[in-house]
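Coordinate analysis (summary)
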Amino acid sequence: MTVKTPNDNPLPQAEHEHVRTGTSPRALKAAFQDNLNLVVGRPLEISTAEDRYHAVALSVRDRIMQRWIKQVERWNGANLRQVSYLSAEFLMGPHLGKEMLNLGITEHARQAMTELGLDLDQFIGLEEEPGLGNGGLGRLAACYLDSLATVGYPAIGYGIRYEFGIFDQIIKDGWQVEVTDKWLRFGNVWEIARPHFAQVVKLGGNSEHYTDEHGADRIRWVPGRVVVGTPYDTPILGHGVETCALLRLWSAEAAQSFDFADFNRGDYYGAVHEKVYSENISKVLYPNDEQIQGKHLRLEQQYFFVACSIKDMIRLCLRRGLPIERFNEMYCIQLNDTHPAIAIAELMRQLVDKFALPWEQAWDITRKSFSYTNHTLLPEALEKWPLPLFSSVLPRHLEIIYEINHRFLDEIRIRYPGDEGKVERMSIIDESGEKYVRMANLAVIGSHAINGVAELHSELVKSQLFADFHEMAPERFHNVTNGVTPRRFIALSNPGLARLIDDKIGDGWLTDLDRLKGLETYANDTGFQQVWADVKRDNKIRLAKIIKHRTGIVVDPASLFDIQVKRIHEYKRQHLNVLNIISLYQRIKHDPKYVGTPRTFIFGGKAAPGYFMAKLIIKLINSVSEVINHDPQVRDMIKVVFLPDYNVKHAQNIYPAADLSEQISTAGKEASGTGNMKFSMNGALTIGTLDGANIEIREEVGEENFFLFGLTADQVASLKTDGYAPYDYYHGDMELKQAIDLINCGLFSHGDTRLFRPLTDHLLHHDEYLLMADYRPYVDCQQEVDHAYRDPAHWTHMSILNVARMGKFSSDRAIREYGKNIWNIEPLQ
Ligand code: NBG
């Protein structure tokens, strides 16, 4: 078994039996009963399932805390450089199952529950999803914490404890409806509040000059108001090790002193208002894919968590006895996209205003501390703040940014005399129209290392997005291809597959994913192929039940499960998938003798609440689903399912059941993708473009084991410059024309010919993401998939090879690359 049983550990018997920390079934049973009675305060007989979940979770938490305590001692002992991973999002997924897996106690816990007549899996299923992220970026941060802990780098993930995470999605009449996510409703057993480490954060106001006690001219920030950030800590245990990472999330509260002042003046309601206003800062996660430019609260949110985190680092640095001048020896601060980029100005403010370091020295410390990961090239996703808004929230930071910019642009003018175009492009301040602060430029200028998240993306970062910066300092640009944790996405999600792999190549692969290579030898072994296919079939049966339960749709587990789950966005092209489905539908309708591979098309994903087109795509999927699933002539050949509320918890049932993974973004638009890795690790084959990490996945698994189609990033670019005419494709391809016409004639909208017009009109006249151009190659490639699936032995062979060759995509590899190339740090022993 992968899951090392605690009996493998050379622990004295007494430790296995200890109620708070022991890992034997007996100890776990006693712990559960203790926690249920003494902490939850309920007798077993009348306790609810939630009570019992709490008792199990508390028992697991005790065992993590025991390891965490040792970890703190280790950190404090050694003068180690520590990673501070600053991220506005951490999409952790439910903890219980994963923590038990990493502790290696799942089977013992299950036995303990069974002896009490209880079902462990029911409790695992009950946990609320802590949805503190939108999608890939937040989930990546969570995978990286798991790997930081497993590899053994000292690390803290700093973020925001949103009261409301990503909304829950329900589907009404085919439309997405957003419901607030109340993940904290029943409390959160995994976190511990640390009010004694709370930090005060200033906002608004102005800056002023003053003379200090040595007669020097100094500047200070006189805030308009202050809020308090309280940290909530969740230790994240690594797999099969004793090391943990820490997730420290800040929650905003009103500053007491302000309240009292108002109370004394008798302004009770004013004080309450202030409290509510302050708490709003960490109230809700903002969606991505939506313009955030004008959102005052979002800027406050970003600054809030960054200021708390930088102060926390300074506190720890000084506590360790290091002078502030050595801050960068203790910390490498990773900016997960530009959301926390204001940290650069904040550290400068602390060093210059508070610690009175000379500017040059402060800048040197700052640049040595920071590195920045870019996660997107989409221009609309690049953060910039209108100057008036910025200066109203962060007046002192704006001055600091001006100073950084002024010095930087002087350098540019010396290096490139007369090139004012360059100066304009590289400036932190966008002055082309209304003035903005460009956070990406600040991040690049203030970091010693900048990286993209897949090879192609990193190349485009260098050649397009930051071409001027790259030309000036190429050595600062890196690539670290994303990775995902195989603990959650293989072992926990797909225990059947994990067991099968263990049986063949032994354990150890979960923390050394390259060992999966050992499976290659068996790719042609018919016996092995059979058990491999059995595991897949069982997973499909499991998903079919979930689909039935959640949508009422009955699907055939023997059909090809063709799955596209991810955020809904035009560049990800869920509607290209739909066009293929409609064409297939047409073909079956028109040809009574049609033979093809029966397929179940499964979609899942949320659309940003303000993103009209994405919401219309969801409606289209559901409308097509309704018509096709009810048509007796086709419904045995194709089914279309939209699974609502795609999140980490649901994803764990989806990846293992996929035969085909849809990764069909317009080349050059998907920075990396990580779902593509999770599917492939679970034995799905990919149909995809040469985009993001698809390219590297294809390189690894072999081009013969990957269904490739579509324009390359270069071809996309030249087609656009040469003048792209989507209409020509429509007229040149009968099937495409029919598919679009069918949508427009109201077949999928009860005769409403206008409903989907915004979508089809956009495709015919603009088609920014080149669906029309990629339609034919995509549809043809889907035909190849059809043929391939009809040879089960060969399909399984390809599936095995996909898994066997996924070693590169472990987040452990990615984290080691960061450690070596960007952070220059050593793991704890
Ligand atoms: C996303 C990209 C994905 C990538 C993840 C993680 C943002 C801004 N970017 O392609 O779209 O896999 O980041 O790097 O969410």
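Residues numbered from 1 in each chain as written. Predicted model: local features only at pLDDT ≥ 70, side-chain atom pairs only at ≥ 80, totals over all residues. Heavy atoms only, no water.

An unreviewed UniProt entry lists the protein under the name Alpha-1,4 glucan phosphorylase, from Candidatus Methylospira mobilis. UniProt, in the comment section headed Cofactor (unreviewed entry), describes the protein in these words: "pyridoxal 5'-phosphate". Recorded in UniProt under Sequence similarities (unreviewed entry), the annotation for the protein is "Belongs to the glycogen phosphorylase family." (UniProt positions renumbered as here; feature names shortened; annotations may be inferred.)

**Let's talk about the packing of aromatic side chains**
Evaluation of the coordinates by the stated rule reveals 20 aromatic pairs. For the ring pair Tyr 85 and Tyr 144, a centre distance of 6.3 Å and an interplane angle of 85 degrees mean the geometry is edge-to-face. Note that Tyr 85 is positioned in strand E1 (residues 82-86) and Tyr 144 in helix H7 (residues 136-151), a separation of 59 residues in sequence. For the pair Tyr 85 and Tyr 144, a shared accessibility class is recorded, and that class is buried. On the numbers, 4.9 Å between centres and 45 degrees between planes, the contact of Phe 709 with Tyr 778 is tilted. (Phe/Tyr/Trp six-rings, centres within 6.5 Å; stacked < 30°, edge-to-face > 60°. Helix = DSSP H or I, 4+ residues; strand = E, 2+ residues; numbered from the N terminus. Buried < 20%, exposed > 50% of the residue type's maximum accessible area, 1.4 Å probe, protein only.)

**A few points about the UniProt feature "modified residue: N6-(pyridoxal phosphate)lysine" (unreviewed entry) in the protein**
UniProt annotation of "modified residue: N6-(pyridoxal phosphate)lysine" (unreviewed entry) refers to Lys 678 when read in the numbering used here. The contacts of Lys 678, once residues within four sequence positions are left out, are Arg 139, Val 484, Phe 489 and Tyr 655. (Contact = heavy atoms within 4.5 Å.)

**Examining the pattern of salt bridges**
The full count for this structure, using the stated rule, is 62 salt bridges. In this structure, Asp 430 and Arg 438 form a salt bridge, with 3.7 Å as the shortest nitrogen-oxygen distance. On the basis of relative accessible area, Asp 430 is assigned to the buried category, the value being 7%. Residue Arg 438 is classed as buried on the basis of its relative accessible area of 18%. Across the pair Arg 776 and Asp 780 runs a salt bridge whose closest N-O atoms are separated by 3.2 Å. Placement of the pair is Arg 776 and Asp 780 together in helix H32 (residues 771-789), with a separation of four residues, close to one helical turn. On the accessibility criterion, Arg 776 (28% relative accessible area) is partly exposed. By relative accessible area, Asp 780 is classed as partly exposed at 37%. (Salt bridge = Lys/Arg side-chain N within 4 Å of Asp/Glu carboxyl O.)

**Quick notes on the site of the ligand**
What surrounds the ligand is a group of 15 residues, the closest being His 375, Asn 482, Glu 670, Ser 672 and Gly 673. One nitrogen or oxygen atom from the main chain of Ser 672 is found 3.0 Å from an oxygen atom belonging to the ligand. When isolated, the ligand has an accessible area of 380 Å², and the protein chains bury 88% of it. Here the shell around the ligand is built from residues that sort into five nonpolar, eight polar and two charged. (Near = heavy atom within 4 Å. Polar contact = N/O pair within 3.5 Å; in protein donor to acceptor, adjacent residues only side chain to side chain. Areas by Shrake-Rupley, 256 points an atom, 1.4 Å probe, with all protein chains shown as cover. Nonpolar A, V, L, I, M, F, W, Y, C, P; charged D, E, K, R; others polar.)

**Considerations on unusual backbone geometry**
With phi around 50 degrees, His 750 is a residue other than glycine that occupies positive phi space. Residue placement: His 750 occurs in the loop between helix H30 (734-744) and helix H31 (757-765). Classification of His 750 as exposed rests on a relative accessible area of 73%. Although it is not a glycine, Asp 767 sits at a positive phi angle of roughly 50 degrees.

**Considerations on the sheet that holds strand E24 (residues 685-688)**
Pairing in this open sheet of six strands is parallel, and the strands run E22-E21-E20-E23-E24-E25 from one edge to the other. This sheet does not close on itself; its edge strands, each paired only once, are strand E22 (638-642) and strand E25 (707-708). For strand E21 (residues 599-604) and E22, the ladder comprises five bridges, and the chain directions are parallel. Bridge pairing in E22 places Phe 603 opposite Phe 642. (Pairing = 2+ DSSP bridges.)

**Quick word on the environment of Pro 792**
Among the structural elements, Pro 792 can be located in helix H33 (residues 792-804). The spacing of Pro 792 and Ile 822 is 30 residues in sequence and 44 Å in space, taken between C-alpha atoms.

**With respect to the nonpolar core**
Phe 327, Phe 390 and Phe 707 are the most contacted members of the largest nonpolar core, which totals 214 residues. For this core, the element with the most residues is helix H10 (residues 296-319), which contributes 12 residues. Setting aside residues up to four positions removed in sequence, Phe 327 forms contacts with Met 313, Ile 314, Cys 317, Ile 333, Leu 347, Ile 365 and Ser 369. In terms of nonpolar packing, the next biggest core, distinct from the first, is built from 51 residues, Ala 454, Val 535, Met 681 and Val 803 among them. (Core = buried A, V, L, I, M, F, W, Y, C linked by side-chain atoms within 4.5 Å.)

**Some words on the side chain of Thr 674**
Note on placement: Thr 674 falls in the loop between strand E23 (660-663) and helix H26 (675-681). Its relative accessible area of 9% is what places Thr 674 among the buried residues. Filtering out sequence-adjacent residues up to four positions away, Thr 674 remains in contact with Gly 136, Leu 140, Asn 482 and Val 484.

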